[in-house]
Amino acid sequence: MSVQEKLESIFTSVVRRNPGEDEFHQAVREVLDSVAPALQKHPEYAEAKIIERICEPERQIIFRVPWEDDRGEVHINRGFRVEFNSALGPYKGGLRFHPSVYLGIVKFLGFEQLFKNALTGMPIGGGKGGSDFDPKGRSDREVMRFCQSFMTELYRHIGEYTDVPAGDIGVGGREIGYLFGQYKRITNRYESGVLTGKGLSYGGAQVRREATGYGAVFFAEEMLRADGGDSLDGKRVVVSGSGNVAIYAIEKVHQLGGTVVACSDSSGFVHDDKGINVEVLKHLKEVRRARINDYADAVPHATFVAGRPIWEVPCQVALPCATQNELTAADAGTLIAGGCTIVVEGANMPTTPEAMRAFAEAGVRFAPGKAANAGGVAASALEMQQNASRDSWTFGHSEEKLREIMQTIHARCYATADEYGMPGNYVAGANIEGFRLVAEAMLAHGLI
Ligand SMILES: NC(=O)C1=CN([C@@H]2O[C@H](COP(=O)(O)OP(=O)(O)OC[C@H]3O[C@@H](n4cnc5c(N)ncnc54)[C@H](O)[C@@H]3O)[C@@H](O)[C@H]2O)C=CC1
Ligand SMILES: O=C(O)CCC(=O)C(=O)O
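Summarised in this report is the structure supplied together with it. (Residues numbered from 1 in each chain as written. Chains lettered and ligands numbered in written order. Predicted model: local features only at pLDDT ≥ 70, side-chain atom pairs only at ≥ 80, totals over all residues. Heavy atoms only, no water.)

**Considering the pattern of salt bridges**
Piece 1. In the structure shown here, the tally under the stated rule is 36 salt bridges.
Piece 2. Note that Arg59 is salt-bridged to Glu83, the shortest N-O span being 2.6 Å. With Arg59 in strand E1 (residues 59-68) and Glu83 in strand E2 (residues 74-85), the pair connects residues that are 24 residues apart, well separated along the chain.
Piece 3. Take Arg59: its relative accessible area is 42%, and that puts it in the partly exposed class.
Piece 4. On the basis of relative accessibility, which here comes to 2%, the residue Glu83 falls in the buried class.
Piece 5. Ionic pairing is found between Glu399 and Lys252, a salt bridge with its closest N-O pair at 2.6 Å. With Glu399 in helix H17 (residues 395-419) and Lys252 in helix H10 (residues 244-255), this pair connects stretches of sequence that are 147 residues apart. Comparing Glu399 with Lys252 shows no difference in burial state: the two are buried.
Piece 6. Sharing partners across several salt bridges, the network here consists of Glu8, Arg29 and Asp33. (Salt bridge = Lys/Arg side-chain N within 4 Å of Asp/Glu carboxyl O. Helix = DSSP H or I, 4+ residues; strand = E, 2+ residues; numbered from the N terminus. Buried < 20%, exposed > 50% of the residue type's maximum accessible area, 1.4 Å probe, protein only.)

Here's what the structure looks like:
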């Protein structure tokens, strides 16, 4: 059987063994489409069935999460933690609280996380979790009761040497605080390294909050630099989303001289040609937890557009930072027609496979999330490092570390793409290099 036929048969088996998990299939397909050259070069990977083992999570935990709302009504949600692969270190990856969460979403995220974490060069394996709980419109006390119930089951599966969750969509500083408090209470252990994304008052690290957005922008800057010494200075940028990743991506673009002219949430987008006012946005989203149309009330020259894709706003650089499959082939066509030449994924898998093909055909430079948004988890690994040594670094030192890590990830992806005869193909570079790093460690560990 040729390598290509072998990969097809593995994919067919993944689809059969994980029915209905479309996002997981999509994430696996993308990696399998990239790794054939690595398998040709390393027949030992195929002999040890590394790909088949990588596609099967080491452990999948599903549990009931009962909780009571402010009116005394009982609700039942479903909790998940998929411990995908521990070849490189303890399972590491965020928790997502969103009504769309089901096993297929958690598995796609855990699968992506594994390669992303490898690319950071830090000692962290891959995992992901979450719940179909919707925090939108819930009071702080309701969110606290939910987090306490969630941790009452999760605590037995996690630990600083076992599995270290963090935030993702719907899980930010507030939720991590409640989760940490309940872990400490149940276990009677002040185990700082069990969660990352903690508040600065109790073991959190400088720059973790900013890291995913900042990191994606550092990656974009490296791509521009690699392409004839260009930079973000003076560029017109569109950033989708308005959560943790989007806010800090916008902040960093502005610090580097670019202008972000639009951002969004699931209700629509705001267009502000003078540049999104980050302080207004932070207050709106981090303090008031309001909808994005309120931005147009606070900034009179801005306009709110309901129910239309943000990608209609012309830009040179696009940073999708909201959610999976938010940028379709039609959106890619609109972006290309509007003069966009570089797309960098701040979110996980925001670009559909058809849109990725359209970008490739049009010569648009494209960075996949598993490379470009790795700054968040890298900063989490730095938080673990500081917790383990009971140390705490300054903002400036931490940001410099983050910048160096993103430069190294860029260089690794770029060099790997070159080595395999696909210069400038960051998708191939990230997938092959991430896969190779995991495969080497798995080979060393024997058949487990
Ligand atoms: N928080 C982190 O450190 C990391 C997050 N990511 C990824 O980045 C993305 C965003 O995560 P966060 O900013 O942490 O979450 P968040 O919960 O802080 O923000 C998510 C944002 O996306 C918006 N959104 C959701 N669905 C949308 C849609 N259909 N159209 C437009 N906007 C929509 C929400 O309104 C919200 O503004 C996710 O894909 C996540 O997996 C990736 C790496 C690390
Ligand atoms: O910081 C972490 O552990 C999680 C980050 C994350 O969930 C991601 O990279 O998608």
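**Overview of the sheet that holds strand E4 (residues 126-131)**
Piece 1. Sheet architecture is open: five strands sit in the order E1-E2-E4-E3-E5, paired in mixed fashion. Looking at which strands have only one partner, the edges of the open sheet turn out to be E1 and strand E5 (163-166). With direction set aside, neighbouring strand axes in the sheet form an average angle of 20°.
Piece 2. Along the sheet face, helix H6 (residues 103-120) touches E1, E2, strand E3 (91-97) and E4 and points at about 150° away from the line of E4. (Pairing = 2+ DSSP bridges. Axes fitted to C-alpha atoms, helices over the stretch in contact; angles between N-to-C directions. Contact = heavy atoms within 4.5 Å.)

**Quick look at the environment of Asn425**
Piece 1. Position of Asn425 among the secondary structure elements: in the loop between H17 and helix H18 (426-445).
Piece 2. What makes Asn425 partly exposed here is its relative accessible area of 31%.
Piece 3. For the pair Asn425 and Phe366, spaced 59 residues apart in the sequence, the C-alpha separation amounts to 7.7 Å.
Piece 4. Reaching out from Asn425, the side chain makes a polar contact with the backbone nitrogen of Val427 at a distance of 3.2 Å.
Piece 5. Here the side chain of Asn425 touches Ala428 through a polar contact of 3.0 Å, landing on its backbone nitrogen. (Polar contact = N/O pair within 3.5 Å; in protein donor to acceptor, adjacent residues only side chain to side chain.)

**A look at the nonpolar core**
Piece 1. Membership of the largest hydrophobic core comes to 58 residues, with the highest contact counts inside it found for Phe219, Leu319 and Ile409.
Piece 2. Discounting chain neighbours no more than four positions away, the residues touching Phe219 are Ala367, Ala371, Ala372, Met406, Ile409, His410 and Tyr426.
Piece 3. Residues Phe24, Ala36, Val106 and Leu114 belong to the second largest nonpolar core, which totals 41 residues. (Core = buried A, V, L, I, M, F, W, Y, C linked by side-chain atoms within 4.5 Å.)

**Here's the deal with H18**
Piece 1. The end-to-end C-alpha distance of H18, which contains 20 residues, comes to 29 Å, matching closely the 28 Å that a straight helix rising 1.5 Å per residue would cover.
Piece 2. Taking burial as the measure, the 20 residues of H18 include 15 buried ones, the bulk of the element.
Piece 3. Its side-chain oxygen 3.2 Å from the backbone nitrogen of Val427, Asn425 forms the N-cap of H18.
Piece 4. Downstream of H18 by a residue or two, Gly446 has a phi angle that is positive, lying close to 80°. (Expected span 1.5 Å × (residues − 1).)

**Considering the sheet that holds strand E10 (residues 317-320)**
Piece 1. Spatial ordering of the open sheet is given by E9-E8-E7-E6-E10-E11-E12, a layout of seven strands whose pairing is mixed. Each end of this open sheet is capped by a strand with a single partner; those strands are strand E9 (303-306) and strand E12 (365-367). Across this sheet, the average inter-strand angle for adjacent strands is 15°, counted without regard to direction.
Piece 2. In the sheet, strand E8 (residues 268-271) pairs with E9 via four bridges, with the strands oriented antiparallel. Considered in E9, the bridge of His271 is made with Thr303.
Piece 3. Sitting on the sheet, H10 touches strand E6 (236-240), strand E7 (259-265) and E10, and the angle it makes with E7 is about 175°.

**Structural notes on the site of ligand 2**
Piece 1. By nearness alone, 14 residues border ligand 2, and Lys92, Lys116, Lys128, Arg208 and Ser380 come closest of all.
Piece 2. At 3.0 Å from an oxygen atom of ligand 2 is found a main-chain nitrogen or oxygen belonging to Gly94.
Piece 3. At a separation of 2.7 Å, an oxygen atom of ligand 2 approaches a polar side-chain atom of Lys116.
Piece 4. Protein coverage of the free-state accessible area of ligand 2, which is 290 Å², stands at 95%. (Near = heavy atom within 4 Å. Areas by Shrake-Rupley, 256 points an atom, 1.4 Å probe, with all protein chains shown as cover.)

**Here's the deal with the pairing of E6**
Piece 1. Most of E6 sits inside the fold, with four of its five residues counted as buried.
Piece 2. Of the strand pairs in this sheet, E6 and E7 are connected by three bridges, and their pairing is parallel. In the sheet register, Val237 faces E7, and the bridge partner there is Val260.
Piece 3. As a crossover connection, the stretch from E6 through H10 into E7 is right-handed. (Right-handed = clockwise from strand over helix to strand, strands pointing away.)

**Quick notes on the site of ligand 1**
Piece 1. Close to ligand 1 lie 21 residues, the nearest being Asp168, Arg208, Thr212, Asn244 and Asn348.
Piece 2. A distance of 2.9 Å separates an oxygen atom of ligand 1 from a polar atom in the side chain of Arg96.
Piece 3. Here Asn244 contributes a backbone N or O atom positioned 2.9 Å from an oxygen atom of ligand 1.
Piece 4. Secondary structure elements with two or more residues in the shell around ligand 1: helix H9 (208-226), H10 and E7.
Piece 5. Looking at the shell around ligand 1 residue by residue, the classes come out as five nonpolar, 11 polar and five charged. (Nonpolar A, V, L, I, M, F, W, Y, C, P; charged D, E, K, R; others polar.)

**Points about the packing of aromatic side chains**
Piece 1. Under the definition given, this model contains 20 aromatic pairs.
Piece 2. Seen from their ring centres, Phe84 and Phe111 are 5.8 Å apart, and the 65° between their planes marks the pair as edge-to-face. Placement of Phe84 in strand E2 and of Phe111 in helix H6 is noted, with a sequence separation of 27 residues between them.
Piece 3. Given the relative accessible area of 1%, Phe111 is considered buried.
Piece 4. When the ring of Tyr414 is compared with that of Tyr426, the centres are 6.1 Å apart and the planes differ by 50°; the resulting orientation is tilted. Of this pair, Tyr414 sits in helix H17 while Tyr426 sits in helix H18, and the two are 12 residues apart along the sequence.
Piece 5. Tyr414 gets classed as partly exposed once you look at its relative accessible area, which sits at 31%.
Piece 6. Joined through ring pairs, the aromatic side chains of Phe63, Trp67, Phe97, Phe133, Phe146 and Phe150 make up one cluster.
Piece 7. When the ring centre of Phe11 is taken as origin, the NZ or CZ atom of Arg29, which lies over that ring, is 4.4 Å away. (Phe/Tyr/Trp six-rings, centres within 6.5 Å; stacked < 30°, edge-to-face > 60°. Lys NZ or Arg CZ within 6 Å of the ring centre and 35° of its normal.)

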